[in-house]
Amino acid sequence: MSSIKIAVLVSGSGSNLQSLIDKQGKDFNGEISLVISNIKDAYALERARNHGIKAQYISRKYYTNPREFDQRLLEILLENEIDLVVLAGYLKIITDVLVDRFENRIINIHPSLLPSFGGKGYYGIKVHEAVLERGCKVSGATVHFVDNGADTGPIICQESLNIDQKWDANELQKQVLKIEHEILPKAVKLFCEDRLVVENNRVYIKE
Ligand code: GRF
C-alpha cells in the first residue's frame, strides 16, 4: 500500500504534531504533507517548516461563517490529495462540510477519557481543571474519529493514568500530554495499516 498522505490541523504549540513528525515513515507508513493552522503565530507552523513540511495559515476572519471556512479547508485538502486529517490541538469545531466528505478519515486527540470532560467548553487546561475539581482519581487521553458532534465520534484508543493528589492542572496536563504523544501516532499507524473498522459508532481493530 502506498504511503498515506496526512494533513495535520493545529492551533498551538504542536507537541502532538512533533510526535507524528518524529515517527512518520518509521513507526507508520504515512507522510505529513501539510500542516494548517488557524492561528498565525502558532509554534506548530514553525515545527512544520523546520522539517520541510508545507505549512499554511488560514485566517477565519475572511470567511462569513464556519461552513464557508471549512469549504476552503476542504478545497485545500482535496488539492493536496489528503487521505487522513489529524486534529492535533486544533481549537475550531469542524463542520459537516469537512466531516461528511472525510467520514472516518478525520481523527482528533482529546486530553481526557471521553465521554467524560468532553464537548463544548472542554479544551486545553480547562479539561484538567475540571478533572481535578471533580476529584477524579484517573484521567488520560482519547483518540477518536470526528463526527458531527463535539467529541462524540467513535473511539479508536484511550490510555489512562492515576492522578497524584499533589498535582495541579498544569502537572496533570503535562502527564496527559505524554500519553497523547504515544497514542496519537499509534492510532495513525492503525489507520495507515487499514486496520480500523467502524460499525455502529464502535471501532474494531483488525488483527
Ligand atoms: C493537547 O492537549 C490536545 O489534546 C488538545 O490541545 C493540546 C494541544 O497540544 N486538544 P499541542 O499543541 O499538541 O502541544
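To be clear, the structure that these remarks concern was listed above.
Per chain, residue numbering runs from 1 following the sequence as it is written. Local features are withheld for residues below a pLDDT of 70 in this predicted model, meaning they are given only at 70 or higher, and side-chain atom pairs are given and counted only at 80 or more; totals for whole chains, interfaces and linings count all residues. Side-chain measures here rest on the full set of heavy atoms in the structure, leaving out hydrogens and waters.

(A) Summary view of the sheet that holds strand S1 (residues 4–10). The strand order S3-S2-S1-S4-S5-S6-S7 describes an open sheet built from seven strands, whose pairing is mixed. The strands lining the two open edges of the sheet, one partner per strand, are strand S3 (55–57) and strand S7 (155–162). Put simply, the sheet's adjacent strands are angled 20° from each other on average, direction ignored. Relative to strand S5 (residues 106–110), strand S4 (residues 84–87) runs parallel, the two sharing three bridges. By definition, two strands form a pair when at least two bridges between them are found by DSSP. Runs of H or I in DSSP of at least four residues are treated as helices and runs of E of at least two as strands, each being numbered from the N terminus. Angles run from 0 to 180 degrees between N-to-C directions of axes, and those axes are lines fitted to C-alpha atoms, restricted for helices to the stretch in contact.

(B) Geometry of the packing of helix H5 (residues 125–133) against helix H6 (residues 169–192). Interhelical geometry of H5 versus H6 gives an angle of 115° and a closest axis separation of 9 Å. Classified by the interaxial angle, the pair formed by H5 and H6 is roughly perpendicular. As H5 runs across H6, the sense of the crossing is right-handed. Contacts between H5 and H6 involve Ile 125, His 128, Glu 129, Val 131 and Leu 132 from the former and Ala 169, Asn 170, Leu 172, Gln 173 and Val 176 from the latter. Note that Gly is not counted as nonpolar here; it falls among the polar residues with everything else outside the nonpolar set of Ala, Val, Leu, Ile, Met, Phe, Trp, Tyr, Cys and Pro and the charged set of Asp, Glu, Lys and Arg. In the contact of H5 with H6, the residues fall into six nonpolar, three polar and one charged. Any angle from 65 to 115 degrees is called roughly perpendicular, while one under 35 is roughly parallel, one over 145 is roughly antiparallel, and all others are oblique. Note on convention: the crossing is left-handed when the near helix lies turned anticlockwise from the far helix by less than a right angle, right-handed when the turn is clockwise. Throughout, a contact is declared for two residues whenever any of their heavy atoms are within 4.5 Å.

(C) Structural view of the packing of aromatic side chains. Pairing of aromatic rings covers Phe, Tyr and Trp, the last through its six-membered ring, and needs centres within 6.5 Å; plane angles under 30 degrees mean stacked, over 60 mean edge-to-face, and all others mean tilted. Summed over all chains, the structure comprises two aromatic pairs. Taking the centre distance of 5.5 Å and the plane angle of 70° together, the rings of Tyr 63 and Phe 69 count as edge-to-face. Phe 69 carries the same exposure label as Tyr 63, and that label is buried. Where Phe 117 meets Tyr 122, the ring centres are 5.9 Å apart and the plane angle is 90°; that geometry is what we call edge-to-face. Any residue under 20% of the maximum accessible area for its type is buried, any over 50% is exposed, and the rest in between are partly exposed; the area is computed with a 1.4 Å probe on protein chains only. Take Tyr 122: its relative accessible area is 31%, and that puts it in the partly exposed class. A positively charged side chain is recorded as over a ring if its NZ (Lys) or CZ (Arg) lies within 6 Å of the ring centre. The angle to the ring normal must also be within 35 degrees. Directly above the aromatic system of Phe 102 lies the positively charged group of Arg 105, at a separation of 4.3 Å from the ring centroid.

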